[in-house]
Amino acid sequence: MTHPVHPDLLPAGVRAIELAPGMPGLAFSHPDFSAVLSLYGGQLLDFIPAGGQPLLYLSPQAQLQPGKAIRGGIPLCWPWFGPHPTDGSRPQHGVARTALWTVNAVARSDDGFHVSLNGPREGELQASLTLLLAPQQLSLTLTTRNLGKTPQPLSQALHSYVAVSDIRRLRLLGLAQAPYHDKLDGQFKRWPDGDWMPQAATDAVVASAAPLQLHDAGWQRRLQLASSGSASTVVWTPWQQGAAKLADLSADGWQHFLCLEAANAGADARVLAAGEAHSLTQQLRVAAL
Ligand SMILES: O=P(O)(O)OC[C@H]1O[C@@H](O)[C@H](O)[C@@H](O)[C@@H]1O
């Protein structure tokens with residue numbers, strides 16, 4: 001395969017790679033971190049602070065195959081989150097994660113690497129993505145523009161698979177008392193008070209975009225998550241029984257991630273007016289516990 005990005009256009013520390021046949025990517029190497037971005041899906045797959053544990057979980061069983069979604073990293077659910085609102089034949093979580101994205105620009109500054117990608121067009125909606133990969137921190141902004149003449153619905157998520165030492169050794173702070181839709185039983189509930197410790201399968205669309213902290217006792221690490229352009233957060237873990245139904249997760253894979261997704265989902269789905277653009281951002285920062 002000829003890589004879509006000519007190596008001469010890439011700054012020092014960035015390499016054009018092929019993740020699998022037909023799946024081009026970029027590999028970033030910086031004194032303070034390394035990262036891998038798949039152009040298939042516009043999906044950041046890996047981000048590892050130097051000498052530290054990975055920030056993102058990528059399933060060793062992930063299928064790197066055109067037509068399949070990659071299990072791990074930060075999949076982009078766009079321009080609908082979950083099942084298509086009216087057409088059950090369309091793919092779960094939209095079309096962005098199985099589309100080939102193109103590189104608009106890659107630059108290096110004192111902050112780190114700045115990447116801008118162009119994504120698919122679906123109907124009248126056009127996607128683009130910017131990433132900042134910096135020491136101890138990454139930030140993604142998914143922008144949607146309505147190129148048409150009529151209002152267009154949009155729901156989406158930056159579906160981050162946060163890598164963890166052991167899901168049973170976590171405390172999540174920031175969602176106490178927030179209303180949420182429990183997708184497992186269809187009920188509307190309130191998030192429990194105090195710190196939350198995952199203890200069972202969870203699939204929640206929480207009506208909150210408050211900053212989150214994830215304390216990981218096993219890795220002695222604190223992750224800070226913040227978002228903008230969002231009023232909803234999705235918290236998902238399949239736990240053991242749910243994971244057993246996912247062919248692209250190993251038997252113990254569920255123990256090693258918690259999905260914390262900056263979203264426009266549920267009641268937070270948007271309608272973009274003709275010509276309007278909307279940006280959804282998620283920022284993840286690592287600190288010691
Ligand atoms: O298996 P997929 O399509 O990547 O989806 C994984 C999960 O993604 C979450 O965001 C959804 O809330 C869950 O319902 C879903 O099961």
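Preceding this section is the structure that the text describes.
Residues numbered from 1 in each chain as written. Predicted model: local features only at pLDDT ≥ 70, side-chain atom pairs only at ≥ 80, totals over all residues. Heavy atoms only, no water.

Things to note about the overall build of the protein
Spelled out, the test is: Strands here mean DSSP runs of E at least two residues long; helices mean DSSP runs of H or I at least four residues long; both are numbered from the N terminus. As defined in this context, the radius of gyration uses C-alpha atoms, and a globule is described by 2.2 Å times the residue total to the power 0.38. Burial status follows relative accessibility: with a 1.4 Å probe on protein chains alone, a residue under 20% of its type maximum counts as buried, one over 50% as exposed, and anything between as partly exposed. In what follows, a contact means two residues having at least one pair of non-hydrogen atoms within 4.5 Å. By the counting rule applied here, Lys and Arg register as positive and Asp and Glu as negative, while His and the ends of each chain are not counted. Note on charges: their place is set at NZ of Lys, CZ of Arg, CG of Asp or CD of Glu.
On a plain count of helices and strands, the protein comes out with one helix and 22 strands. For the protein, the C-alpha radius of gyration of 18 Å lies close to 19 Å, the compact-globule estimate for 289 residues. Counting only C-alpha atoms, the protein reaches 55 × 50 × 35 Å along its principal axes. Looking at the protein as a whole, 51% of its 289 residues are labelled buried. In the protein, of all internal contacts separated by at least 6 residues, the share reaching a separation of at least 24 is 62%. Of the charged side chains in the protein, 20 are positive and 21 negative; the average position of the first set lies 2 Å away from that of the second.

Looking at the pairing of strand β6 (residues 102-108)
Rule in force here: The criterion for strand pairing is that DSSP finds at least two bridges linking the strands in question.
In this structure, β6 lies alongside strand β7 (residues 113-122), joined through six bridges in antiparallel fashion. Note that in β7 the partner of T102 across the bridge is N118. Hairpin connection from β6 to β7: four residues lie between these consecutive antiparallel strands, with G112 at a positive phi of about 150°.

What about the site of the ligand?
Operational definition: One heavy atom within 4 Å of a molecule or strand is enough for the residue carrying it to be called near that molecule or strand. Counted as a polar contact is a pair of N or O atoms within 3.5 Å, where, for protein atoms, one must be capable of donating a hydrogen and the other of accepting one, and residues adjacent in sequence contribute only when both atoms are in side chains. Accessible surface area values rest on a Shrake-Rupley calculation with a 1.4 Å probe, where residue burial reflects the displayed protein chains alone. Amino acid classes used here: Ala, Val, Leu, Ile, Met, Phe, Trp, Tyr, Cys and Pro are nonpolar; Asp, Glu, Lys and Arg are charged; the rest, including Gly, are polar.
Taken together, the neighbourhood of the ligand is formed by R71, F81, Q92, H93, R97, H159, K183, D203, V234, W236 and E261. Within the side chain of R97, an N or O atom sits 2.9 Å from an oxygen atom of the ligand. One nitrogen or oxygen atom from the side chain of E261 is found 2.9 Å from an oxygen atom belonging to the ligand. Starting from 390 Å² of accessible surface for the ligand in isolation, the protein chains cover 84%. Partitioning the shell around the ligand into residue classes produces three nonpolar, three polar and five charged.

Here's the deal with the environment of A107
By the secondary structure assignment, A107 is in strand β6. We classify A107 as partly exposed; its relative accessible area is 37%. Between the alpha carbons of A107 and A12 there is a distance of 9.1 Å; along the sequence they are 95 residues apart.

What about the packing of aromatic side chains?
What counts, and what does not: Ring geometry is summarised as follows: Phe, Tyr and Trp rings, the Trp one being its six-membered ring, pair when their centres sit within 6.5 Å, and such pairs are stacked at plane angles under 30 degrees, edge-to-face over 60 and tilted between the two.
Per the stated rule, a full pass over the model turns up 10 aromatic pairs. With 4.9 Å between their ring centres and 50° between their planes, W191 and W196 make a pair best called tilted. Residue classification places W196 among the buried positions, given a relative accessible area of 11%. Ring centres 4.9 Å apart and planes at 50° place the aromatic pair W239 and W254 in the tilted group. Here W254 lies in the loop between α1 (239-243) and β20 (257-264) and W239 lies in helix α1, a separation of 15 residues in the sequence. Note on accessibility: W239 and W254 belong to one class, buried. Three or more aromatic residues joined by ring pairs make a cluster, and in this case those are F28, F33, F47 and F113.

Notes on the pairing of strand β13 (residues 170-173)
The alternating pattern of β13 places L170 and L172 on a buried face, while none of R171 and L173, on the opposite face, is buried. Bridging between β13 and strand β17 (residues 212-216) involves four bridges; their strand directions are antiparallel. Within the sheet, the bridge partner assigned to R171 lies in β17 and is H215.

Observations regarding the nonpolar core
Here is the rule: As used here, the term nonpolar core means buried Ala, Val, Leu, Ile, Met, Phe, Trp, Tyr and Cys residues forming a set that is joined through side-chain atoms within 4.5 Å.
Grouped together as the largest cluster of nonpolar side chains are 69 residues, with contacts concentrated most on F28 and L133. Discounting residues that sit within four places of it in the chain, F28 has contacts with G13, V14, F33, S34, A35, L37, V106, F113, V115 and L133. Ranked by size, the runner-up nonpolar core spans nine residues in total, among them A20, M23, A27 and L45.

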